[in-house]
Structures are given as structure tokens and as C-alpha cells.
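Remarks on the overall topology
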Amino acid sequence: DAGVTQSPTHLIKTRGQQVTLRCSPKSGHDTVSWYQQALGQGPQFIFQYYEEEERQRGNFPDRFSGHQFPNYSSELNVNALLLGDSALYLCASSLGTGMLYFGPGTRLTVT
Amino acid sequence: SQQGEEDPQALSIQEGENATMNCSYKTSINNLQWYRQNSGRGLVHLILIRSNEREKHSGRLRVTLDTSKKSSSLLITASRAADTASYFCATVFFSGNTPLVFGKGTRLSVIA
């Protein structure tokens, strides 16, 4: 049984560009949450998807958007990238409000 | 803003010693969870303690919760070099679906 998978592992983008990160939840999970973790900091909640809708959102600008597909996989999109968007982006899946299982993350570097 | 604050920020101990990390939070919680992260990769759930519990054990891990002081501690006994990682506390404000709010973590180094 595969756990949470994320792609790509690493990504380098230029300021102003757009990026899409992908997440496949653990088998049987229907809820996906996204977190941003800057270097030396704890993860910060971006948003959560359930039944293909954004259910909750943290304090992130509209440049951050997402999507959940019928198979429960999810994408995180970031537009107009800033240097400060450089971080580890973590996806976590759960069954409803159950325990979170985290993926290995995508390391995004904005130059 | 982050809810939990771990203390110390960094901890270095010898293999076999015990490691204690503390977490303080600001508002009432439903539960508090501890996570481990190796080398900037994904987080692994270690243990969850509910607001009506005072202590929980899991293998070499012991977690305490003092809701009157809004604090929790994680004790790792007989530490091993493989325990080297960052440890985060995360709080859930209410029952139901609220997102985890993480602290900045404690970086533990266990020297063989």
C-alpha cells in the first residue's frame, strides 16, 4: 500500500513564473491538506480539499490555489512566484478528520 | 502565526541519554500531537494526546499535557543516533475538522 506521494521532488523556478505541485493521497483517504514549510520553520497550513472543494484555507494569498480530482489526488498551483515562496511544500492526506499522513514533500526554489 | 512554541530550539545529547522537549501553546485545544521530521522531509506522526489526558506512552516516547499551563513535553528515553531529527508539536483547536497548527520545532542531535 503506497503512502502519500508527491511530485516533483525538487523544482527550480524563476520569479514571476507559475508552478504546479502534485499529490496522491494514501489509499482510502479522501482529504488532502497542503502545508508550506520555510527553512527552519514549522509547516504552515495553506488549504484543505475534500470532495473536490476547498474546505478550509490558511492565511495565504490568492496566488495559491488548488484542485482535487475525483480520484482524491490534488494539485497546488502558485502563480507569480516570489523569492519568499521558496520552501518545502508538504501534502498530507487523511480519511475525513482522522490522523494526517504526510508525503515526502516538494522542495521549491525560486530564483 | 504559529500556535505552539517548542523549547529548546536545538538539543544535543549522547546516545543512551534521555531527551526532553517542551511545547507551549496559547489557546484552548482539542488535542496536541507530536511529529518527527528527518532532514527536511515528510513528517511522521508520533503520538496524539487529547485535552482530557495527562500522559501517554508509546515505546520509548512519553508525552505529558498540562492544560492549566498550556504546555506539553515529549520525553525520548534511551536515545539512539537514529532519533536525530526535528520534532514538532501541533495543536488542534476544536473537535472536528480544524487544521493542525505547528510550532517551529526542536532539532535533536544524538551523538553516538
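1. Quick word on the overall build of chain B
Looking only at helices and strands, one finds 0 helices and 11 strands in chain B. Its C-alpha atoms give chain B a radius of gyration of 13 Å, near enough to 13 Å, the size a compact globule of 112 residues would have. A principal-axis box enclosing the C-alpha atoms of chain B has dimensions of 40 × 25 × 20 Å. The burial tally for chain B puts 46% of its 112 residues in the buried class. Restricting the contact set of chain B to residue pairs at least 6 apart, pairs at least 24 apart contribute 56%. About 5,300 Å² of surface is accessible on chain B, with carbon and sulfur atoms providing 47% of the total.

2. Considering the state of the cysteines
Across all of its chains, the model carries 2 disulfides over all chains by this definition. In this model A:Cys23 forms its disulfide with A:Cys91; the gap between the sulfur atoms is 1.8 Å. Between A:Cys23 and A:Cys91 the sulfur-sulfur dihedral comes to about -55°; the bridge is accordingly left-handed. Remark: A:Cys91 occurs in strand S9 (residues 87–94) and A:Cys23 occurs in strand S3 (residues 19–24); sequence separation between them is 68 residues. One exposure class covers both A:Cys23 and A:Cys91, and it is buried. A sulfur-sulfur distance of 2.0 Å marks the disulfide that ties B:Cys23 to B:Cys89. The S-S bond linking B:Cys23 to B:Cys89 shows a torsion near 65°; that makes this disulfide right-handed. Highlighted residues: B:Cys23 in strand S3 (residues 19–24) and B:Cys89 in strand S9 (residues 85–92), separated in sequence by 66 residues.

Procedures and definitions
Starting afresh in each chain, residues are numbered from 1 along the sequence in its written order. Going through the entries in the order they are written, you letter the chains from A and number the ligands from 1. Totals for whole chains, interfaces and linings use all residues, but because this is a predicted model, local features are given only for residues with pLDDT of at least 70 and pairs of side-chain atoms are given and counted only at 80 or more. Remark: hydrogens and water are excluded; side-chain values derive from all non-hydrogen atoms of the structure. Runs of E in the DSSP output that reach at least two residues are strands. Runs of H or I that reach at least four are helices, and both are numbered from the N terminus. When we talk radius of gyration, it's over C-alpha atoms, and the globule rule is simply 2.2 Å times the number of residues to the 0.38. Each residue is placed in one exposure class: buried if its accessible area under a 1.4 Å probe, protein chains only, is under 20% of its type's maximum, exposed if it is over 50%, and partly exposed if it falls in between. The contact criterion used throughout is that any non-hydrogen atoms of two residues lie within 4.5 Å. The accessible surface values rely on the Shrake-Rupley method and a 1.4 Å probe; as for residues, cover is taken only from the protein chains in view. When two cysteine sulfur atoms lie within 2.5 Å, the pair is treated as a disulfide.

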